[in-house]
Amino acid sequence: MGSRQVSTTDLAGLLGPDALGRYGLPGRITVAGLGISGISAARALAGLGAKVTVVDNGDGDAHRAKAAELAELGIEVRLGHLPGGVRAGEALPEGTELVVTSPGWQPESPLFRAAAEAGVDVVGDVEIAWRLRGAGVELRAARRAAAANAGGDADAGQAAAGPAEWLAITGTNGKTTTTQMLASILKAAGLKTAAVGNIGTPIIDVVLGEEAYDVLAVELSSYQLHWAPSLRAHSAAVLNLAPDHLDWHGSMEAYAADKGRIYEGNTVACVYNVADPATEALVVEADVEEGCRAIGFTLGAPGPSMLGVVDGILVDRAFVENRQKNAQELAEVKDVNPPAPHNIANALAAAALARAFGVAPRAVRDGLRDFRPDAHRVAYVDEVAGVTYIDDSKATNTHAAEASLAAFEPVVWIAGGLAKGATFDELVRKSRKRLRAAVLIGADRALIAEALARHAPEVPVVDLDRTDTGAMLAAVREAARLAEPGDTVLLAPACASMDMFANYNKRGDAFADAVRELSAEGA
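Conventions and cut-offs
Residues numbered from 1 in each chain as written. Predicted model: local features only at pLDDT ≥ 70, side-chain atom pairs only at ≥ 80, totals over all residues. Heavy atoms only, no water. Helix = DSSP H or I, 4+ residues; strand = E, 2+ residues; numbered from the N terminus. Buried < 20%, exposed > 50% of the residue type's maximum accessible area, 1.4 Å probe, protein only. Lys, Arg positive; Asp, Glu negative; His and termini not counted. Salt bridge = Lys/Arg side-chain N within 4 Å of Asp/Glu carboxyl O. Contact = heavy atoms within 4.5 Å. Axes fitted to C-alpha atoms, helices over the stretch in contact; angles between N-to-C directions. Parallel < 35°, antiparallel > 145°, perpendicular 65-115°, else oblique. Left-handed = near helix turned anticlockwise from the far one by under 90°. Nonpolar A, V, L, I, M, F, W, Y, C, P; charged D, E, K, R; others polar. Core = buried A, V, L, I, M, F, W, Y, C linked by side-chain atoms within 4.5 Å. Phe/Tyr/Trp six-rings, centres within 6.5 Å; stacked < 30°, edge-to-face > 60°. Lys NZ or Arg CZ within 6 Å of the ring centre and 35° of its normal. Pairing = 2+ DSSP bridges. Right-handed = clockwise from strand over helix to strand, strands pointing away.

**Describing the side chain of Asp 276**
Its place among the elements puts Asp 276 in the loop between strand 10 (269-273) and helix 13 (277-285). Buried charged residue Asp 276 carries no salt bridge. Nearest counter-charge: Lys 430, at 9.5 Å. For Asp 276, the residues in contact, after removing those within four places along its chain, are Asn 240 and Leu 241.

Dropping the structure here:
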């Protein structure tokens, strides 16, 4: 299936010795990083015949185990410190003609500076996947021919004859949910599709895998877009823009510019958020194909070339005849799960991309009804003593927390963690009227407490000065004490989790466990 790892035997045996050149790739390639995307790239490129060297500064048991697996495929791996004391991930291997980076590596990394000095390009796994779309078509055709010769099922995995189109999504928040919504809509339309990119199976494995797709729903981070210069999607959406990852990009302007790369070369539609003018500005600046349209989405009544909401109905005034006068009903607000404002915006963006691809209105409705959000994204946990408990641990920045808080009222807000340089004044100013109380946890909780004191002094605040394993249970109990029947206790931390938890998933699990314990105590 398309989700399995790419076999180097598949590539070497089926594409021939000139495959690298046909797809614009050189013979000596360095892969930076021994993570999931790095391993995927290394395997595929070696399979195409490249001499691949993987470099990584790590040198633990897990790194050595991965290195051993790649060594069996003829891939050289350099870990830890090299002779002379230089770190492996900082030295450009001699003869390197291209560097393929994992998404998180900083643009100013010594390895990339060395590459620039040597005139060597640096790209990411998304760029490699884009270049290899034709190789995937070749591979599947060769596999079908081999199966036919062997008396097998020559039509296995067959879909469109050419490469799958890409419908691409980025934004500060909502990317994963919107991408999964889009995939659900495309499936409801009877199309072969998958949600890939920054989620799920490595995108190179999907492009080169056995399963042929009609269209891919592609989530792209700002990191991935930075390293994907030749990407040209069928249609793309920027959901929103707020300060994030500025330590990586260097400035808000650079962050926005990388997000805007998703629109470059679009052929059918550039989808933007009417409520976020910065997203429309990126459309205006983009160099697109002739005839590509700007399509807005809004929580209000849509104008021409927009999707929006009228009397609880999601409507399309973009992909209809005579859009100056007509609108097409797509779904009801209640078809969106959960029907919080920010999630309705996600649904409209997904619907816009699906409609740009020619999907019928009924499939939009059916796909939204079928969609189930991932855990820790505005997820209902339980109702205890008339109080609803919602887990939005994925709200790891202020923009996401603001959207989450806007969906409920009154709220007892559990927040805090690692602020990553964020400030909380604007968040508190916009959300103060919804707050019954706040319970603060984590290393940077004082920053939120100070913002509450400045802009919402009337809101009771509990400051929990503890980071042990019982801290979340204590927070939930304090929230329950402050809440009244009809209230919502909302975990929307506005911060990263690593000060107290391994990741936001573990934080959300701790919240849900605490709510269940609270419920059991009251049973």
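**Examining the packing of helix 19 (residues 471-482) against helix 20 (residues 504-522)**
Across the interface, helix 19 lies against helix 20 with an axial gap of 9 Å and an inter-helix angle of 55 degrees. Taken together, helix 19 and helix 20 sit at an angle that is classed as oblique. Viewed along their axes, helix 19 and helix 20 form a crossing whose handedness is right-handed. Taking contact as the criterion, the partners of Met 472, Leu 473, Val 476, Arg 477 and Ala 480 in helix 19 are, on helix 20, Arg 507, Ala 510, Phe 511, Ala 514, Val 515, Glu 517, Leu 518 and Glu 521. The class makeup of the residues in the contact of helix 19 with helix 20 is 9 nonpolar, no polar and 4 charged.

**Describing the nonpolar core**
For soluble globular proteins, the rule of thumb is that nonpolar side chains tend to be buried together. Counting 65 residues, the largest nonpolar core has Leu 45, Trp 166 and Tyr 263 as its most contacted members. Here Leu 45 is in contact with Leu 20, Leu 25, Ile 29, Val 31, Ala 50, Val 52, Val 100 and Ile 128, once residues within four sequence places are set aside. By size, the runner-up hydrophobic cluster in this structure holds 40 residues, among which are Ala 269, Leu 314, Leu 353 and Ala 363.

**Quick look at the packing of aromatic side chains**
Under the defined criterion, the tally for this structure stands at 3 aromatic pairs. Ring centres of Trp 105 and Phe 112 lie 6.0 Å apart, and the angle between their planes is 40 degrees; on these two criteria the pair is classed as tilted. Under the relative-accessibility criterion, Trp 105 is labelled buried at 16%. Assessed through its relative accessible area of 5%, Phe 112 is described here as buried. Within the aromatic cluster, the residues linked to one another by ring pairs are Trp 105, Phe 112 and Trp 227. Sitting over the ring of Phe 319, Arg 293 keeps its end group 5.3 Å from the ring centre. Seen from the ring of Tyr 504, Lys 394 lies directly overhead, with NZ or CZ sitting 5.6 Å from the centre.

**Overview of the pairing of strand 1 (residues 28-32)**
Counting buried residues along strand 1, 4 of its 5 residues qualify, which places the element largely inside the surrounding structure. Here strand 1 runs beside strand 2 (residues 51-56); their pairing, made up of 5 bridges, is parallel. By the bridge assignment for strand 2, Ala 32 is matched with Val 55. At this point the chain moves from strand 1, through helix 3 (residues 36-47), to the parallel strand 2, and the crossover so formed is right-handed. Here strand 1 runs beside strand 4 (residues 98-101); their pairing, made up of 4 bridges, is parallel. Residue pairing across strands places Thr 30 opposite Val 99, the latter belonging to strand 4.

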